[in-house]
Amino acid sequence: MKIGIIGAGQIGGNLTRRLTAVGHTVSVANSRGPHTLKDLAEETGATPATVADVVRDAQVVVVTIPLKAVPDLPAGLFAGAADGFAVIDTNNYYPQRDGFIEEIENGLPESRWVERHVGHPVVKAFNGTYAEDIVARPRPAGAPDRLAVPVAGDDEAAKRTVRELIDAIGFDTVDAGGLDESWRQQPDTPVYGLREGADAVTRALAEASPERPAAFRAHREP
Ligand SMILES: NC(=O)c1ccc[n+]([C@@H]2O[C@H](COP(=O)([O-])OP(=O)(O)OC[C@H]3O[C@@H](n4cnc5c(N)ncnc54)[C@H](OP(=O)(O)O)[C@@H]3O)[C@@H](O)[C@H]2O)c1
């Protein structure tokens, strides 16, 4: 598959490593430009590119940048992507990093906010996965210690594509429902950072509370 990754930090870098390792064709972009991605390119065989170039002909685009940077992505971001492309959103709202985002504070699921800014349905995945696990914890299908990743999204075809991709890089997935349910995997929920298999992930999703945890609310002086 041709995969474009926007963001080359902890998650974007390790997804580049893992996706190239299983044979996908990966382009990767950051905010400073392709010349700053030479080391990652040499290590992985991925192509360093601009944001516009990583999207071109991509069947899957991963958006993995600090949430507050999402509105800075260019208008018409996905022009030139392949027909039926899927977008993976790995992002989390950390008010300490991202500042006050009123719609999210008022209960809009974080991925719904991302989706509105990027203008295309997103599939939420990897937002609660430790970056190091992407390279350190892949296991073959059926392994007893295989980790599971919750995956939420409204576009069933895109969600299927993403779940198959995640399976191919060594993780089980759990269908976490549509994007309106995706608060179940946001920061500080039982499934967030849970290093377990599909049964425990399913249980943790069911145990989540829709109330935004205090640690992940912006604290503003009145
Ligand atoms: N770290 C984790 O374990 C983890 C786990 C799950 C989910 N997440 C979430 O996933 C997202 C990425 O996390 P991370 O830890 O990988 O972040 P990170 O290490 O801080 O890396 C962020 C990357 O985004 C790039 N970037 C920033 N603004 C951009 C823009 N406008 N256009 C293109 N690229 C841009 C940065 O490029 P420059 O360096 O050139 O600025 C950098 O490569 C965050 O929302 C985070 O909350 C992180």
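The structure we're discussing is the one just above.
Remember, it's a predicted structure, so these values are computed and weren't measured experimentally.

1. Details of the site of the ligand
Logical step 1: The immediate surroundings of the ligand are formed by 28 residues, with Gly 7, Gly 9, Asn 30, Asn 91 and Ala 131 found nearest.
Logical step 2: If you tally residues by element for the shell around the ligand, the top one is helix H1 (residues 10–21), at 3 residues.
Logical step 3: Considering only residue class, the shell around the ligand consists of 14 nonpolar, 12 polar and 2 charged.

2. Some words on the sheet that holds strand S1 (residues 2–6)
Logical step 1: Spatially, the 6 strands line up as an open sheet ordered S3-S2-S1-S4-S5-S6, and their pairing is parallel. Edge positions in the open sheet fall to strand S3 (47–48) and strand S6 (123–124), since each of these has one partner strand only.
Logical step 2: H1 contacts S1, strand S2 (25–29) and strand S4 (60–63) of the sheet and is inclined by roughly 165 degrees relative to S2.
Logical step 3: Lying over the sheet, helix H8 (residues 156–168) contacts S4, strand S5 (86–89) and S6, oriented at roughly 65 degrees with respect to S5.

3. Quick look at the pairing of S4
For a regular strand, side chains alternate in direction, first toward one face of the sheet and then toward the other.
Logical step 1: Here S4 shows a buried face lined by Val 60 and Val 62 and a second buried face lined by Val 61 and Val 63.
Logical step 2: Bridge count between S1 and S4: 4 bridges; the pairing is parallel. Across the sheet, residue Ile 3 finds its bridge partner in S4, namely Val 60.
Logical step 3: With 4 bridges joining them, S4 and S5 adopt parallel strand pairing.

The rules we used
- Residues numbered from 1 in each chain as written.
- Predicted model: local features only at pLDDT ≥ 70, side-chain atom pairs only at ≥ 80, totals over all residues.
- Near = placed C-beta within 6 Å.
- Helix = DSSP H or I, 4+ residues; strand = E, 2+ residues; numbered from the N terminus.
- Nonpolar A, V, L, I, M, F, W, Y, C, P; charged D, E, K, R; others polar.
- Pairing = 2+ DSSP bridges.
- Contact = placed C-beta atoms within 7 Å.
- Axes fitted to C-alpha atoms, helices over the stretch in contact; angles between N-to-C directions.
- Buried ≥ 20, exposed ≤ 12 C-beta atoms within 10 Å, placed from the backbone.

Remember that the coordinates give geometry; whether it matters functionally is a separate question.
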